Amino acid sequence: MPSFYLLTHVRFAPGALKDLPQELARLGVRKPLIVTDPGLAQLGLADRAAALIGASAIFTETPENPTEAAVDAALSAFRANGCDGIVAIGGGSAMDLGKALGVMATHPGRLIDYDVTQPSFKPVGSITPLIVVPTTAGTGTEVGVGCVIILDNGHKGIIDGFGLIPASVICDPELTVSLPALLTAATGMDALSHCIEGLFSTLDNPPVEAIALDGTRRIVGAIERACSHPWDLDARAEMMWGSLAGGYAMLMELGAIHGLSVPIGALHHAHHGALTAAVMGNVTRLNATLAPQKAARLRQAMSVPEGQDLGDFLNGLCDRLGLSRRLRDFGLKESEFAGLAAEAEASGFNITNPKPLPAEAYLRLLEESW
């Protein structure tokens, strides 16, 4: 059965950060905790946001892969400062930490109690009002229903539920111009993968498919300009729209691209977007044979000439962006192939691939991409 939501209030414009006070007032938040990472804190973005809303508490210690310990530290700051809302500024890590903080500020127990990968987990209800301000265009977390946190036991916990949808999203393309070219490329290709896999999903949801195709068109048309001309705000805006589209496309779940990139990332802690880009072309080539009608729509959205292989087109895009397509560059060893192929076959991602792939198919994909 199709499921779909448009529950997030989005302000989208260059310079939209200035609307932060209005959004806080709309939500009745008087004292938010600003959550960000050390890099953005050094750039002064948190201080800039704090200046817009007057004195505010700031938590700057978001790790690259957010942890339960960091959530606990942010919760201590939230409570010590009498906060009543959260402003998460950054990429997927800061937004995920903001979501998990919102859960812990309003729910009893520990994060593991709400981890949907556990056999018995508690559903998440409403959380503390959360405003997210993305500074990358890739994860789609700004409109997503979940977050990923490394728990104290080392497990990657997934907290999921409609209560985690941010109450407000401020999309300001100006905030992405300082992102280095390779990160712009990697995060952008991650957003593209969400759009492509949302389209190829076995779930039936025409409105979301249309959003996925629109995001695909925007990203493919803008990503090279955004990387080569970082101050091109039109290109940056297109990428940010594409990220939003990818976030909605994930309602359709994902497929074999993530079936490979996620477990490889867990093994070797490489950048998720870069890993996703490395396998995207070869997986899409295979999936195009499994869902030819959807492949035709994808070809049109990406303006791929008739006769050109979709996988070759995506691989060529990776090459032009300077992203590696060799998994060995991420530390992958041939001895790890069998285990990864079995994990990909058993994963939930395989269920919504155009057709579930056997381990042998994943082995061939790993060999092609190694």
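Quick note: structure is the one above.
Structural notes, computed from the coordinates. On a predicted model such as this, the values are computed, not experimentally measured, just so you know.

Criteria and thresholds
- Residues numbered from 1 in each chain as written.
- Predicted model: local features only at pLDDT ≥ 70, side-chain atom pairs only at ≥ 80, totals over all residues.
- Heavy atoms only, no water.
- Helix = DSSP H or I, 4+ residues; strand = E, 2+ residues; numbered from the N terminus.
- Rg over C-alpha atoms; globule rule 2.2 N^0.38 Å.
- Contact = heavy atoms within 4.5 Å.
- Lys, Arg positive; Asp, Glu negative; His and termini not counted.
- Charge placed at Lys NZ, Arg CZ, Asp CG, Glu CD.
- Expected span 1.5 Å × (residues − 1).
- Bend = angle between axes of the 7 residues up to and from the residue.
- Pairing = 2+ DSSP bridges.
- Axes fitted to C-alpha atoms, helices over the stretch in contact; angles between N-to-C directions.
- Buried < 20%, exposed > 50% of the residue type's maximum accessible area, 1.4 Å probe, protein only.
- Disulfide = S-S within 2.5 Å.

**Let's talk about the overall build of the protein**
1) Next: A count of helices and strands for the protein gives 14 helices and eight strands.
2) Next: In summary, the protein has a C-alpha radius of gyration of 20 Å against a globular reference of 21 Å for 370 residues, a match within 12%.
3) Next: For the protein, the spread of C-alpha atoms along the three principal axes comes to 60 × 45 × 40 Å.
4) Next: Long-range pairs, those at least 24 residues apart, make up 77% of the contacts in the protein between residues at least 6 apart in sequence.
5) Next: Taking the average place of the 26 positive charges on the side chains of the protein and the average place of its 39 negative ones, the gap between the two points comes to 3 Å.

**Observations concerning helix H7 (residues 206-228)**
1) Next: The terminal C-alpha atoms of H7, which comprises 23 residues, lie 34 Å apart, in line with the 33 Å expected from a rise of 1.5 Å per residue.
2) Next: Roughly 40° is the biggest bend found in H7, and it falls at Ala 222.

**Section: the environment of Lys 333**
1) Next: Position of Lys 333 among the secondary structure elements: in the loop between helix H12 (310-321) and helix H13 (337-346).
2) Next: Expressed as a C-alpha distance, the spacing of Lys 333 and Pro 230, which sit 103 residues apart in the sequence, is 35 Å.

**Quick look at the sheet that holds strand S5 (residues 130-134)**
1) Next: Taken in spatial order, the six strands of this open sheet run S1-S8-S5-S4-S2-S3, and their pairing is parallel. Among the strands making up the open sheet, the edge pair consists of strand S1 (9-12) and strand S3 (57-59). If you compare each strand with its neighbour and ignore which way they point, the axes differ by 20° on average.
2) Next: One ladder, built from four bridges, connects S1 with strand S8 (residues 168-171); its direction is parallel. For His 9, the partnering residue across the bridge sits in S8 and is Ser 168.
3) Next: Against the sheet, helix H3 (residues 45-53) touches strand S2 (32-35), S3 and strand S4 (85-90), its axis set at about 160° to S2.

**Describing the environment of Gly 161**
1) Next: Relative to the elements of secondary structure, Gly 161 occurs in the loop between strand S7 (156-160) and S8.
2) Next: Since its relative accessible area comes to 17%, Gly 161 is described here as buried.
3) Next: In sequence terms Gly 161 and Ile 219 are 58 residues apart; their C-alpha atoms lie 27 Å from each other.

**Things to note about the pairing of S7**
1) Next: Burial along S7 is one-sided: Gly 157 and Ile 159 are buried, while Lys 156, Ile 158 and Asp 160, pointing the other way, are not.
2) Next: Bridge analysis of strand S6 (residues 146-150) against S7 gives five bridges, and the strand direction is antiparallel. By the bridge assignment, Val 148 is partnered in S7 with Ile 158.
3) Next: Between the end of S6 and the start of S7, which pair antiparallel, lie five residues, with Gly 154 showing a positive phi angle near 90°.

**A look at the state of the cysteines**
1) Next: The final tally for this structure, using the stated rule, is zero disulfides.
2) Next: The thiol of Cys 83 is unpaired, and the distance to the nearest cysteine sulfur, on Cys 147, comes to 19 Å.
3) Next: Note on Cys 83: relative accessible area 10%, which makes it buried.
4) Next: Among the cysteines around Cys 195, which has no disulfide bond, Cys 171 carries the closest sulfur, lying 14 Å off.

Geometric descriptors of this kind do not, in isolation, establish any biological role.
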